Amino acid sequence: MILFKKTSDLSDYLALQRAAELKIGFVPTMGALHKGHLALVNHSKKNTNITIASIFVNPTQFNDPQDFAKYPVTLESDLLQLEQAGCDLVFLPAVNEIYPEGLTISKTYDLGYLETILEGKYRPGHFQGVCQVVDKLLDIVAPTLLFLGQKDYQQCMVIRKLIELKGISTTLSIVPTIRETSGLALSSRNLRLSEKGKEAAVGIYQSLIYLKQNRQKYPAKQLIEEVEKKLLLAGFTKTDYVAIANANTLDPVMEWDGDTPLVALIAAFMDGVRLIDNMQLT
Ligand code: AMP
């Protein structure tokens, strides 16, 4: 596994791979790696000739400075896991390598409706920050395939839009969410949960299953209210949202026509940690 810290070194290396017509697979991450990230690496290995992962905790996507300050960093273990997974290249840039012009956001992305709902609504500026970094990483890596996790459902839609805005030929590949045996979605943020909190956090997964099983029995409004109550009872301190939406557009679906593909999405706080998860209901 080759480690790159400088953009120019990586670009030069990848230009040679591209000239040899090798398919490049890219897995962007913020580190604190777990089996969810490694699933993305495995998908890339199966579908491309060369797999590159990046580790960069992107300051511009944190709307809450505390969240950024507390974001877990486990670099040694990350590199070991990537090497064991057979990742070929790792890009580990410093902040000034990605933002040589400083952290003030200069460019904005027209994300439309997507930025006004769910994560966009509760984390203002978050998706602009995500686009800032992914825009730059896509310029540097110019991957044939980009691997993202379904765990961040709305983020996948945002990056699909970014690829469209950039007019590049990179293909987006979305990898299903990897879960603990309990059902809890793996997340770097789980490292910040207490043991009790981690047990209780499975309430999000159970709520998603409940929504899936009952989507035809009760109106969406009632289901959502019930789940909000259940989450508070399970020990969550706050829910940002419980939503049932059109899986293609994220428009809320209050009355299901029996045909529209549905996704349920939840964001809730446990032990002061904000957790998100989602599940396709149809
Ligand atoms: P992050 O390091 O949290 O920015 O995540 C990097 C990538 O890994 C994103 O595309 C995430 O959607 C994906 N990812 C995070 N958790 C999981 C999971 N449990 N299963 C599958 N992919 C995941």
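Structure shown above.
In this text the structure is predicted, and so the values were computed from the model without any measurement.

Chemist: An account of helix H1 (residues 7–19) is needed here, citing residue identities and associated values.
Modeler: Over its 13 residues, H1 runs 18 Å from end to end, which matches the ideal 18 Å to within 8%, given 1.5 Å per residue. What H1 keeps buried is the set Thr7, Leu10, Leu14 and Gln17. Taken down its axis, H1 places every buried residue within 90° of arc, on the same side. In H1, those exposed residues whose orientation departs by more than 90 degrees from the buried face are Asp12, Leu16 and Ala19. In this structure, the buried side of H1 is in contact with strand E1 (2–4), strand E2 (24–29), strand E3 (50–55), strand E4 (89–91), helix H5 (95–98) and helix H7 (126–141). Directly after H1, the chain includes Glu21, whose backbone phi takes a positive value near 60°.

Chemist: Can you tell me about the nonpolar core, naming the residues and giving the values?
Modeler: In terms of nonpolar packing, the biggest core is built from 45 residues, with Leu10 and Leu250 touching the most fellow members. Looking at this core element by element, the count peaks at nine residues for H7. Residue contacts for Leu10: discarding those within four places in its chain leaves Phe4, Ile52, Leu89, Phe91, Ile140 and Val141. Ile204, Ile224, Ile266 and Leu281 belong to the second-largest nonpolar core, a separate cluster that totals 25 residues.

Chemist: Lay out the sheet that holds strand E9 (residues 273–280) in plain terms, naming residues and giving numbers.
Modeler: Sheet strands pair via backbone hydrogen bonds, and the direction of the pair is either parallel or antiparallel. Spatial strand order, E7-E8-E9: three strands in an open sheet with antiparallel pairing. Each of the sheet's edge strands pairs with one partner strand only, and the pair in question is strand E7 (238–246) and E9. Taking the axes of each pair of neighbouring strands and ignoring which way they run, one obtains an average angle of 10° across the sheet. Examined bridge by bridge, E7 and strand E8 (residues 262–270) share eight bridges and lie antiparallel to one another. Within the sheet, the bridge partner assigned to Thr239 lies in E8 and is Ala268.

The rules behind these values
- Residues numbered from 1 in each chain as written.
- Predicted model: local features only at pLDDT ≥ 70, side-chain atom pairs only at ≥ 80, totals over all residues.
- Heavy atoms only, no water.
- Helix = DSSP H or I, 4+ residues; strand = E, 2+ residues; numbered from the N terminus.
- Expected span 1.5 Å × (residues − 1).
- Buried < 20%, exposed > 50% of the residue type's maximum accessible area, 1.4 Å probe, protein only.
- Arc of directions from axis to C-beta.
- Contact = heavy atoms within 4.5 Å.
- Core = buried A, V, L, I, M, F, W, Y, C linked by side-chain atoms within 4.5 Å.
- Pairing = 2+ DSSP bridges.
- Axes fitted to C-alpha atoms, helices over the stretch in contact; angles between N-to-C directions.

Remember that the coordinates give geometry; whether it matters functionally is a separate question.
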